[in-house]
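# Examination of the molecular architecture
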Amino acid sequence: MEPDRREVFMRYLAYGGVDVGPKMFTGVDEQELQKLDSEQALIAKGQASIRHECTKLTVDFNTVVKGYLSCDIAAKELWQNQEFATSSPGDFNKACSTLFGGFFYDVNAEENSWNKRKNWNFLMKKDVARKVVKFAIAGSGTNTMALQFQTLANQNALHSALVPDIHGFEVIAVFPPTPEVREFYRHHAPDLNPVGRMVGKAYRDPGKPRYDLSGEERLMWETGAASMPDFQFFLEESLLKLCYPKMKVITPVWELNCGLNFFEDVHTVYSSIYTVLCNDLMLGYKQSVDLTEKEPDDVEEIEEPNGDGAGKKETTL
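First, a word on scope: everything that follows refers to the structure included in this document.

Here is what the cut-offs are and how they apply
Residues numbered from 1 in each chain as written. Predicted model: local features only at pLDDT ≥ 70, side-chain atom pairs only at ≥ 80, totals over all residues. Heavy atoms only, no water. Helix = DSSP H or I, 4+ residues; strand = E, 2+ residues; numbered from the N terminus. Buried < 20%, exposed > 50% of the residue type's maximum accessible area, 1.4 Å probe, protein only. Areas by Shrake-Rupley, 256 points an atom, 1.4 Å probe, with all protein chains shown as cover. Pairing = 2+ DSSP bridges. Axes fitted to C-alpha atoms, helices over the stretch in contact; angles between N-to-C directions. Contact = heavy atoms within 4.5 Å. Parallel < 35°, antiparallel > 145°, perpendicular 65-115°, else oblique. Left-handed = near helix turned anticlockwise from the far one by under 90°. Nonpolar A, V, L, I, M, F, W, Y, C, P; charged D, E, K, R; others polar.

### Digging into the overall build of the chain
For the chain, the helix and strand inventory stands at 12 helices and 10 strands. Counting all 317 residues of the chain, 32% fall into the buried class. Carbon and sulfur atoms make up 53% of the accessible area of the chain, which totals about 21300 Å².

Okay, structure coming up:
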């Protein structure tokens, strides 16, 4: 096997729990090898071995391969993830955060110009934020959503809440702006970027510490019985092009009481085959040794005289 291929293969074996370290005290010379049959010689010369306590464990080859090769397979998605993370949250999400709560809420942006919005640290004025939100809902929202938004806005009752006990969302489906939506923006708001929709679902990162849930709540999440409505996001087309099904976005998710969601401050973006295994933590693991336990050879017998002068043997540790 070529050195490069062998290195990858041995690394994969180690990732799957096979001991590929050097064998101690098992050197075999050529004369001894000639006395062994082919199978015995192969074992003697081999570098890989499985510890006795692991011989009866079930090996999930598919999961191990998926976890080991996830970075290689996801190479096509990594660029999109990076672009999405650096380009987010987009105009609509920033507008919602400015108006309804979040990182950009109630931040002084009076000196900002809308023409400078390509700057990553651009802050929206509230009148601009209102325009962005209204046109997004009117152009890409459903009639029910638009009516509910208008009713709550007239009552000054629009508010948002942070969705609890999740790490972010997983993309389910992406709907770019239709030609009708683009024409709507071109005719009525040429200074704004047309938005489409993205549907997502709540996501908990298995690589992060678990939330403090009751036994019943945890069971519902693990079995998929926990019911939570899908998230409805609005995104500009430039961001929607970077999204794909099963993409995981680690970010706070907010919910407006008119039936839509927004996010901000993207922390991490994971690929569609993101897999968390404990194998990485076990690489190079050595079984601990109880140093307080003495071997039988350490037991000493000493002779101690008794009252009548005869010797008595006493075992000590």
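Next, the rest of the story.
### Section: the sheet that holds strand β8 (residues 268-270)
If you trace the 5 strands from one edge of the open sheet to the other, you get β4-β3-β2-β5-β8, paired in antiparallel fashion. Both edges of this open sheet fall to β4 (231-236) and β8, since each of them pairs with a single strand only. This sheet shows a mean twist of 35 degrees between the axes of neighbouring strands, independent of strand direction. Bridge count between strand β3 (residues 195-203) and β4: 6 bridges; the pairing is antiparallel. Looking at β4, one finds that Met198 is bridged to Phe233. Docked against the sheet, helix α7 (residues 126-140) engages β3 and β4, running at close to 90 degrees with respect to β3.

### A short note on the sheet that holds strand β1 (residues 160-162)
Read across the sheet, 3 strands follow the order β1-β6-β7 without closing on themselves; strand pairing throughout is antiparallel. One side of each edge strand has no neighbouring strand; the edge strands of this open sheet are β1 and β7 (261-263). Looking at each pair of strands side by side, their axes are set apart by 30 degrees on average, direction ignored. In terms of strand pairing, strand β6 (residues 253-256) meets β7 through 3 bridges, oriented antiparallel. The partner of Val253 across the bridge, within β7, is Phe263. This element, helix α6 (residues 90-100), spans β1, β6 and β7 of the sheet and lies at about 100 degrees to β7.

### As for the packing of α7 against helix α9 (residues 179-188)
Remark: α7 packs on α9, axes separated minimally by 9 Å, with the N-to-C direction vectors making an angle of 140 degrees. Regarding the angle of α7 to α9, the classification is oblique. In this structure, the crossing between α7 and α9 has a hand that is right-handed. Side by side, α7 and α9 meet where Phe135, Ala136, Ala138, Gly139 and Ser140 of the first sit next to Val181, Phe184, Tyr185 and His188 of the second. Class assignment for the residues of the contact of α7 with α9 results in 6 nonpolar, 3 polar and no charged.

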